[in-house]
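Working through the structure, step by step
Chain by chain, the residues run as shown.
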Amino acid sequence: MTKQADILSDFLDTNTIEALPAFLDKSSDYNSSADLIAIAFGANGDFSSIDESGASKLVSSFKNNLTLLIQKTWVEKSDIALKDQLLYQLDEFRTKNTWKDDYVPFLNIINQAVFLMFGQDPSSEDFAEYTLRIDPEFGIFWWYTSNLPKEADWSEEKCRLAMLLGMFFLANY
């Protein structure tokens with residue numbers, strides 16, 4: 001068992017921990033796995049059936065809350081341009097693309113925002129463990145996000161659901 005998995009077991013049950021690999025697996029039914037992950041983020045158990053109206057509200061809440069988090073984050077002078085660029089990218093996010101087209105930009109926005117908020121590279125080997133120790137709820141979110149593939153050869157619906165899970169957490173963080 002990895003150190004991260006060992007720490008995760010302090011906060012999540014085995015079924016939830018196993019839900020992520022099942023969600024990522026191309027051959028499995030990802031809806032029930034998404035529902036278990038959503039519960040870990042504080043949602044109800046029927047998250048996978050979110051309709052377009054609910055998704056639209058969630059995108060709006062995500063953008064608003066992440067914008068506030070980024071605006072309130074103090075950064076070094078050298079990171080001001082990154083902060084401004086990130087706010088622009090977030091403003092433009094989900095304006096005209098498909099979910100599949102927005103998957104990679106979504107992950108980029110998340111990674112850049114996390115870098116600004118924590119002041120360290122989120123792709124470093126020990127970052128996941130660090131987040132679990134300092135803020136378990138965020139650590140669970142980061143466990144989810146950091147395990148998503150950088151590019152996904154998934155259906156439009158699976159990309160939508162993967163992104164909505166991350167948005168749900170950040171909309172309520």
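Here the structure is shown first, and the text comes after it.
Attention here is on the structure that accompanies the text. (Residues numbered from 1 in each chain as written. Predicted model: local features only at pLDDT ≥ 70, side-chain atom pairs only at ≥ 80, totals over all residues. Heavy atoms only, no water.)

1. What about the overall build of the chain?
- Of regular secondary structure, the chain possesses nine helices and zero strands.
- Secondary structure of the chain in N-to-C order comes out as α-α-α-α-α-α-α-α-α.
- Rg of the C-alpha trace for the chain: 16 Å, near the compact-globule value of 16 Å for 173 residues, within the 12% margin.
- Along the first, second and third principal axes, the C-alpha atoms of the chain reach 45 × 40 × 25 Å.
- Put simply, the chain has 173 residues, and 45% of those count as buried.
- Put simply, of all contacts in the chain between residues at least 6 apart along the chain, 69% involve residues at least 24 apart.
- Of the roughly 9000 Å² of accessible surface on the chain, a fraction of 49% belongs to carbon and sulfur atoms. (Helix = DSSP H or I, 4+ residues; strand = E, 2+ residues; numbered from the N terminus. Rg over C-alpha atoms; globule rule 2.2 N^0.38 Å. Buried < 20%, exposed > 50% of the residue type's maximum accessible area, 1.4 Å probe, protein only. Contact = heavy atoms within 4.5 Å. Areas by Shrake-Rupley, 256 points an atom, 1.4 Å probe, with all protein chains shown as cover.)

2. Thoughts on helix H6 (residues 99–118)
- A rise of 1.5 Å per residue sets the reference length of H6, with its 20 residues, at 28 Å; its end C-alpha atoms lie 27 Å apart and thus fit the reference within 8%.
- Residues of H6 that are buried include every one of Trp-99, Asp-102, Tyr-103, Phe-106, Leu-107, Ile-109, Ile-110, Ala-113, Val-114 and Leu-116, and no others.
- Buried-residue contacts for H6 involve helix H4 (52–72), helix H5 (80–92), helix H7 (127–134), helix H8 (136–147) and helix H9 (156–171).
- Just downstream of H6, Gly-119 is the residue with a positive phi angle, here 70°. (Expected span 1.5 Å × (residues − 1).)

3. Quick look at the pattern of salt bridges
- Tallying each qualifying case throughout the model produces five salt bridges.
- Residues Arg-133 and Glu-129 are paired through a salt bridge, measuring 3.1 Å at the closest nitrogen-oxygen approach. Placement of the pair is Arg-133 and Glu-129 together in helix H7, with a separation of four residues, close to one helical turn.
- Residue classification places Glu-129 among the buried residues on the basis of a relative accessible area of 19%.
- Members of the salt-bridge network, linked through shared partners, are Glu-52, Glu-157 and Arg-160. (Salt bridge = Lys/Arg side-chain N within 4 Å of Asp/Glu carboxyl O.)

4. Describing the packing of aromatic side chains
- Within this structure, the stated rule accounts for 20 aromatic pairs.
- Taking the centre distance of 5.0 Å and the plane angle of 40° together, the rings of Phe-118 and Phe-138 count as tilted. Separated by 20 residues along the polypeptide, Phe-118 in helix H6 and Phe-138 in helix H8 bring together distant segments of the chain.
- With a centroid separation of 6.0 Å and 40° between ring planes, the pair formed by Phe-127 and Tyr-130 is classed as tilted. Highlighted residues: Phe-127 and Tyr-130, both in helix H7, separated by three residues, approximately one helical turn.
- Of the residues examined, Phe-127 reaches a relative accessible area of 0% and is grouped as buried. (Phe/Tyr/Trp six-rings, centres within 6.5 Å; stacked < 30°, edge-to-face > 60°.)

5. Notes on the side chain of Ser-33
- Residue placement: Ser-33 occurs in helix H3 (residues 30–40).
- You can call Ser-33 buried: its relative accessible area is 6%.
- Other than its neighbours up to four places away in sequence, Ser-33 contacts Ala-19, Ala-22 and Phe-23.

6. A few points about the environment of Glu-137
- Tracing the backbone shows Glu-137 in helix H8.
- Accessibility expressed as a relative area gives 56% for Glu-137, which makes it exposed.

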